[in-house]
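Listed below, chain by chain, are the residues.
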Amino acid sequence: MKRLLVLVALAVIGVTLLYGIGKMPPMDSRASPDKTHVVPRYLGHGEEEAGAKNIITGVILNYRGYDTMGEVSVIFSALCAVIAILDREKKGRSRSGVDASRVRTSLIVTTVVRFSLPVVMLFAVYTMLHGEPSPGGGFQGGAIVGASIILFTIVFGLAVSTKRIPPGARVPMESVNMLGFLSMGFIGLAFGVQFLTYILPGLGVAAAETVRKLMLDVIELGIGIGGGIIFISIVFSMIREDRYELQQDVP
Amino acid sequence: MNFSRMFHNLNYVVSVLLFLIGLYAVTVKPNLIKKLIGLNIMETSVFLFIVSIGMVESGQAPIVTEGVKTSQMVNPIPQALILTGIVVAVSTTAVALSLCLRLHERYGTLNSDEILASITDVSQLGRPWEEF
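In this text the structure is predicted, and so the values were computed from the model without any measurement.

Draft legend 1. A look at the overall build of chain B. Along the backbone of chain B there are five helices and zero strands. Counting from the amino terminus, chain B carries its helices and strands in the arrangement α-α-α-α-α. When burial is assessed residue by residue, chain B has 35% of its 132 residues classed as buried. Partitioning the contacts of chain B with sequence separation of at least 6, the portion at a separation of at least 24 is 48%.

Below, the structure is given as structure tokens:
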């Protein structure tokens, strides 16, 4: 009965949405309203105005910098919420199911992870640092870093992972993305221009250009490293098992 | 309705279908993890929809390079917006999953109907925040 009601409601919603979509302009036309107002300016002047060859990076960090700062604060507050709900791991008592299990992890899995992890890390660093003139950027690089460490943790267990990435180094790094963004924003205020302005007055043209590149790189790196560490921390506090009564003996 | 245009805008139609699949999972499935998966499918359908809006016929990535005219580039704004959207989706999923962990710890099940049935009296809930 409930399922039937839901299906009727879904049919109504679907027909409404399809009706709306039938009236939309062709998908790939250059004349559709989304490409006529501000986009030509972004595409034509994005490089000298935003300071990035990749227009998307320019839009994210410069034209819509506030938006990205809000996003960075969203992921940071997600970490805060997860830790408030699940608690952090206690010192020296962090085990996951892999550590508690008597069955050893397959040799094939550990070997493949051992060999592929450095390559994945290298790719992550490339994505982070080369995101300005090519596809990529801070968030993407951070996600790859986080994913590789999470893979390592799933295969080798939380005890090994916390030994490699000690909480003393990880916990302070969690706020790097927020702090990097805010500090770069306040540099603009200190020079007497608006918040999140990258072109500082009082310097020469060439020097201002270099400083802008440097500031964009700092923000990009901060977003990447901070985002990756936040993903790692969320997963670490989710997969630890020391909250439960362990049935097995711990090796 | 203009069916030939709708066939041309196939991405939009597929995103509507994905949205409906996700909504079905969220409303009908009793398992909380399956509800979360449905929520993620809905988010993905919106991402597909918005990124498809920015598409251009035989378009190039919006990166300034030699030999690529700006009129050939796709719209960068939807891509930037969706980058934000993906991060927000990950954040909400993380918080929801940790709430699921807590629920499973307390009730021993992730079936939302069973959880609701086991709460017959609201005053039974006590003061869970004092456990921490």
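Draft legend 2. Seen up close, helix H7 (residues 138-156) of chain A. Residues and elements named next belong to chain A. Helix length check: H7, at 19 residues, gives a terminal C-alpha distance of 27 Å against a target of 27 Å (1.5 Å per residue), a fit within 8%. Along H7, 14 of the 19 residues are buried, which leaves the element largely enclosed by surrounding structure. Gly157, located one to two residues past H7, shows a positive phi value of around 95°.

Draft legend 3. Region of the structure containing the nonpolar core. Membership of the largest hydrophobic core comes to 38 residues, with the highest contact counts inside it found for Leu61(A), Phe181(A), Tyr198(A), Ile219(A), Ile223(A) and Ile234(A). Within the residue set of this core, elements represented by two or more residues are helix H2 (39-50), helix H3 (55-63), helix H4 (65-86), helix H10 (176-190) and helix H11 (205-239) of chain A together with helix H4 (76-107) of chain B. The next biggest cluster of nonpolar side chains, apart from the first, holds 13 residues, and it includes Val6(A), Leu10(A), Met27(A) and Tyr12(B).

Draft legend 4. Inspection of the interface of chain B and chain A at higher detail. Chain B puts 53 residues into the contact, and the matching count from chain A is 53 residues. Taken together, chain B and chain A are joined by zero salt bridges. Between chain B and chain A we count ten residue pairs in polar contact (both at pLDDT 80 or more) in total. Secondary-structure elements contributing two or more residues to the side of chain B that touches chain A are helix H1 (3-8), helix H2 (10-28), helix H3 (32-53) and H4 of chain B. Among the residues making up the side of chain B that touches chain A, the classes are represented as 33 nonpolar, 16 polar and four charged.

Draft legend 5. Summary view of a nonpolar patch on the surface. Residue and element names in this part refer to chain A. Where nonpolar side chains cluster on the molecular surface, the patch consists of Val125, Leu129, Met173, Leu221 and Ile225 and spans about 370 Å² of accessible area. Going through the elements one at a time, helix H6 (107-129) and H11 are the ones with two or more residues in the nonpolar patch. The residue Leu221 is located in helix H11 in this model. By relative accessible area, which is 33% here, Leu221 ends up partly exposed.

Draft legend 6. Molecular detail of the environment of His45(A). Residues and elements named next belong to chain A. Relative to the helices and strands, His45 resides in helix H2. Counting along the chain gives 170 residues from His45 to Met215, while the straight-line C-alpha distance between them is 20 Å. Once residues lying within four places of it in the same chain are set aside, the contact partners of His45 are Ala50 and Tyr63.

Draft legend 7. Layout of the packing of H3(B) against H4(B). Residues and elements named next belong to chain B. Here H3 crosses H4 at 175°, and the two axes come no closer than 10 Å. It follows that H3 is roughly antiparallel to H4 by the angle criterion. Only Pro78, Ile82, Gly85, Ile86, Ala89, Thr92, Thr93, Ala96, Leu97, Cys100 and Leu103 of H4 make contact with H3, whose side of the interface consists of Leu32, Ile33, Leu36, Asn40, Glu43, Phe47, Ile50 and Val51. Tallied by class, residues from the contact of H3 with H4 come to 14 nonpolar, four polar and one charged.

Draft legend 8. Geometry of the environment of Val125(A). Mapped onto the elements of the fold, Val125(A) is located in helix H6. Placed twelve residues apart in sequence, Val125(A) and Gly137(A) show a C-alpha to C-alpha distance of 9.7 Å.

Draft legend 9. Representation of the confidence of the model for chain B. All names here are of chain B. When pLDDT is averaged along chain B, the result is 85; 89% of the residues meet or exceed 70. By mean pLDDT, the top-scoring element of chain B is H3 (94), and the lowest-scoring one is H1 (76). Among the prediction metrics, the complex's ipTM stands at 0.85, with pTM recorded as 0.85.

Draft legend 10. Local environment of the packing of aromatic side chains. Residues and elements named next belong to chain A. What the rule picks out here adds up to five aromatic pairs over all chains. Between Tyr66 and Phe195, the ring centres sit 5.9 Å apart and the planes meet at 25°, which makes this aromatic pair stacked. Of the two residues, Tyr66 sits in helix H4 while Phe195 sits in the loop between H10 and H11, which places them 129 residues apart along the sequence. Ring pairs connect the aromatic residues Tyr66, Phe186 and Phe195, which therefore count as one cluster.

Draft legend 11. Fine view of unusual backbone geometry. The phi torsion at Leu196(A) lies on the positive side, around 60°, for a residue other than glycine. Topologically, Leu196(A) is positioned in the loop between H10 and H11. For Leu196(A), a relative accessible area of 10% translates into the label buried. With a phi angle near 45°, Ser58(B) is a residue other than glycine that sits in the positive phi range. Here Ser58(B) lies in the loop between H3 and H4.

What counts and how
What you see as residue numbers is a count from 1 along each chain, following the sequence as written. Whichever chain is written first becomes A and whichever ligand is written first becomes 1, with later ones labelled in order. The predicted nature of this model means local features are confined to residues of pLDDT at least 70 and side-chain atom pairs, given and counted, to a pLDDT of 80 or more, with totals for whole chains, interfaces and linings taken over all residues. Side-chain numbers here rest on the full set of heavy atoms in the structure, without hydrogens or water. Numbering of helices and strands runs from the N terminus, with a helix taken as a DSSP run of H or I at least four residues long and a strand as a DSSP run of E at least two residues long. Think of it in three bands: residues with accessible area under 20% of the maximum for their type are buried, residues over 50% are exposed, and the middle band is partly exposed, with areas taken using a 1.4 Å probe on protein chains only. We call two residues contacting when some pair of their heavy atoms lies within 4.5 Å. In this scheme, a helix's expected span is set at 1.5 Å multiplied by one less than its residue total. The term nonpolar core refers to a set of buried residues drawn from Ala, Val, Leu, Ile, Met, Phe, Trp, Tyr and Cys, joined through side-chain atoms within 4.5 Å. Salt bridge, as used here, is a side-chain nitrogen of Lys or Arg placed within 4 Å of a carboxyl oxygen of Asp or Glu. Pairs of N or O atoms within 3.5 Å make up the polar contacts considered here, provided that, within protein, one atom can donate a hydrogen while the other can accept it, and that residues adjacent in sequence are counted only when both atoms are side-chain atoms. Side-chain classes are defined by residue name, with Ala, Val, Leu, Ile, Met, Phe, Trp, Tyr, Cys and Pro counting as nonpolar, Asp, Glu, Lys and Arg as charged, and the others, Gly among them, as polar. Nonpolar side chains (Val, Leu, Ile, Met, Phe, Trp, Tyr) are joined into patches within 5 Å and like charges within 9 Å, using only residues with over 30% relative accessible area and no salt bridge. Values of accessible area rely on a 1.4 Å probe in the Shrake-Rupley scheme; residue burial ignores everything except the protein chains shown. Here an axis means a line fitted to C-alpha atoms, over the contact stretch when the element is a helix, while the angle between two N-to-C directions is reported on a 0 to 180 degree scale. The scheme is simple: roughly parallel for angles under 35 degrees, roughly antiparallel for over 145, roughly perpendicular for 65 to 115, oblique for anything else. Note on scores: pLDDT gives the predictor's confidence for each residue, bounded by 0 and 100. Paired rings are identified among Phe, Tyr and Trp, the last through its six-membered ring, by centres lying within 6.5 Å, and are further divided according to the angle between planes into stacked (under 30 degrees), edge-to-face (over 60) and tilted (the rest).

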